[in-house]
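Structural characterization, general
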Amino acid sequence: MKSLGLLGMRTSTLSRFCALSAANLEEMAARILKELLTFGESVALHLDETPWRIQNKDQKDGYMWVISSRMGSYYFYKPTRSGEVIKEKLTGYTGRVLTDGYSGYGILKDVNIEQGFCWAHGRRNFLPIEKGDPKVKSILDDIDQLFAIERSVKTFAELKILRDEKSREIILRIQTKLLEEHPRSRSKSLKRKAIEYLMKRWKGFTLFLDDVRLPLSNNEAERTIRHAVIGRKNYHGSNNHTGAETAATHFTIIESCKKNEIDPRQFILMTLKKIAAGEPVLTPLEYAKSIRMPDVAHAV
């Protein structure tokens, strides 16, 4: 604020500036979503959502959703956690997605989108009982070996080979242990819940074996949504639903700039000037390609 000479400006004025900026950037945000869905055929898409507070007492709280990959991030706000909202955004997409275990994402099967599950989430359910149960420690060791394999490779070709040669064997070992330990665990115990979390979603947890594009964890979306979470804690959400949508548009542009190693402030300023002048504008991904690979700039 100080570097831009905005100290002392009324909050209402800043709010109007943000709304005007978002209104002009909405079309670009929609193009970023289209890019993510297009490149999702070759790069995994990650999904996540987080509660979003609405300070207006006449409007209920909602959720900030994110669709993300290494190509960019698309945020959108909805006053509901229903899986219908993410289904609507992904209709027509034919790739696969990676998520946590939230049941709302199960609706994606209605539009033929296969869902992989995050092993980091599956792993963390065993952590509270690791010290008191050697069988649990053994399961965790196997999961850690899966992650070690992923870290050891540099190319997708190497990853495919190791997943076939080593990860499949580890997965079978984990499955055997889960089936052995399930009847030995107490009903409603932490151990039973941790085992059933994996077993009920086993097809999604093992989808990565046949799709080298899918990573083991949903950390991509976790890192992306974290920026919104920190913001929510700092300024307690948005005043109303419109403000939340304004925030989502700016999150989309800013985080997509970061993914493509572009300065968000300079990019937004440049883009708004071009829009005001009636000139065509590029998305962060398109702009990054144009400055780093000028020979293919027109192919974007």
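All of these numbers come straight from a predicted model, not from anything done at the bench. (Residues numbered from 1 in each chain as written. Predicted model: local features only at pLDDT ≥ 70, side-chain atom pairs only at ≥ 80, totals over all residues. Heavy atoms only, no water.)

**A closer look at the overall build of the protein**
Of regular secondary structure, the protein possesses eleven helices and five strands. Overall, the protein is about 65 × 55 × 40 Å in size when its C-alpha atoms are taken along their principal axes. Taken across its 300 residues, the protein has 48% of its residues classed as buried. Of the roughly 16200 Å² that the protein leaves accessible, carbon and sulfur atoms contribute 53%. (Helix = DSSP H or I, 4+ residues; strand = E, 2+ residues; numbered from the N terminus. Buried < 20%, exposed > 50% of the residue type's maximum accessible area, 1.4 Å probe, protein only. Areas by Shrake-Rupley, 256 points an atom, 1.4 Å probe, with all protein chains shown as cover.)

**Overview of the sheet that holds strand 4 (residues 96-99)**
The five strands are arranged 3-2-1-4-5 in an open sheet whose pairing can be described as mixed. Edge positions in the sheet fall to strand 3 (72-78) and strand 5 (114-117), since each of these pairs with one other strand and no more. The average undirected angle you get between the axes of adjacent strands in this sheet is 30°. Inspection of the sheet shows strand 4 paired to strand 5 by four bridges, in the parallel sense. Opposite R96, over in strand 5, you have E114 as the bridge partner. Relative to the sheet, helix 8 (residues 219-235) contacts strand 1 (45-52), strand 2 (62-69) and strand 3, its axis offset from that of strand 1 by approximately 15°. (Pairing = 2+ DSSP bridges. Axes fitted to C-alpha atoms, helices over the stretch in contact; angles between N-to-C directions. Contact = heavy atoms within 4.5 Å.)

**Topic: the environment of T249**
Relative to the assigned elements, T249 resides in helix 9 (residues 241-259). It is 5.9 Å that separates the C-alpha atoms of T249 and A22, two residues lying 227 residues apart in sequence. Not counting residues within four places of it along the chain, the set of residues in contact with T249 comprises A22, L25, E26 and A29.

**Quick notes on the packing of helix 5 (residues 156-181) against helix 6 (residues 190-199)**
The geometry of helix 5 relative to helix 6 is characterised by a closest axis approach of 10 Å and an angle of 135° between their N-to-C directions. Relative to helix 6, the element helix 5 lies oblique. When the axes of helix 5 and helix 6 are compared, the crossing they make is left-handed. Together, L178, L179 and E181 of helix 5 and K191, I195, L198 and M199 of helix 6 make up the contact between the two elements. (Parallel < 35°, antiparallel > 145°, perpendicular 65-115°, else oblique. Left-handed = near helix turned anticlockwise from the far one by under 90°.)

**Let's talk about the environment of L25**
Along the chain, L25 falls in helix 1 (residues 11-39). Among residues more than four places away in sequence, those in contact with L25 are T249, H250, I253, I268, T271, L272 and I275.

**Quick word on the side chain of E150**
The topology assignment puts E150 in helix 4 (residues 134-151). In this structure E150 comes out as buried when scored by relative accessible area, which is 17%. Once residues lying within four places of it in the same chain are set aside, the contact partners of E150 are L159, R163, F208 and L216.

**Things to note about the packing of aromatic side chains**
Each aromatic ring pair is described using two quantities: the centre-to-centre distance and the angle formed by the ring planes. Tallying each qualifying case throughout the model produces twelve aromatic pairs. Between W52 and Y235 the ring centres are 6.4 Å apart and the planes differ by 65°, which places this aromatic pair in the edge-to-face class. Taken together, the positions of W52 in strand 1 and Y235 in helix 8 put the pair 183 residues apart, joining distant regions of the chain. Exposure remark for W52: the relative accessible area of 1% places this residue in the buried category. (Phe/Tyr/Trp six-rings, centres within 6.5 Å; stacked < 30°, edge-to-face > 60°.)

**What about the confidence of the model for the protein?**
Looking at the protein, the pLDDT average stands at 91 and 97% of residues meet or exceed 70. Predicted confidence for residues 296-300 stays below pLDDT 50, and this span has three contacts to residues more than four positions away or in other chains. (pLDDT = per-residue confidence, 0-100.)

**Notes on unusual backbone geometry**
Of note, K188 is a non-glycine position whose phi angle comes to about 70°, a positive value. Tracing the sequence through the fold places K188 in the loop between helix 5 and helix 6. Its identity as a non-glycine residue notwithstanding, E261 has a phi of 55°, on the positive side. Tracing the backbone through its elements, the reader meets E261 in the loop between helix 9 and helix 10 (264-276). Since its relative accessible area comes to 69%, E261 is described here as exposed.

**A closer look at the pattern of salt bridges**
This model, assessed by the stated rule, comprises 22 salt bridges. Here K160 and D164 are joined by a salt bridge, their closest N and O atoms 3.3 Å apart. Remark: D164 and K160 occur in helix 5; sequence separation between them is four residues, near one turn of the helix. Close ionic contact of K274 with E279 constitutes a salt bridge, the shortest N to O distance being 3.5 Å. A relative accessible area of 41% means that E279 is categorised as partly exposed. The structure contains a network of salt bridges with shared partners spanning R96, E114, D211 and R213. (Salt bridge = Lys/Arg side-chain N within 4 Å of Asp/Glu carboxyl O.)

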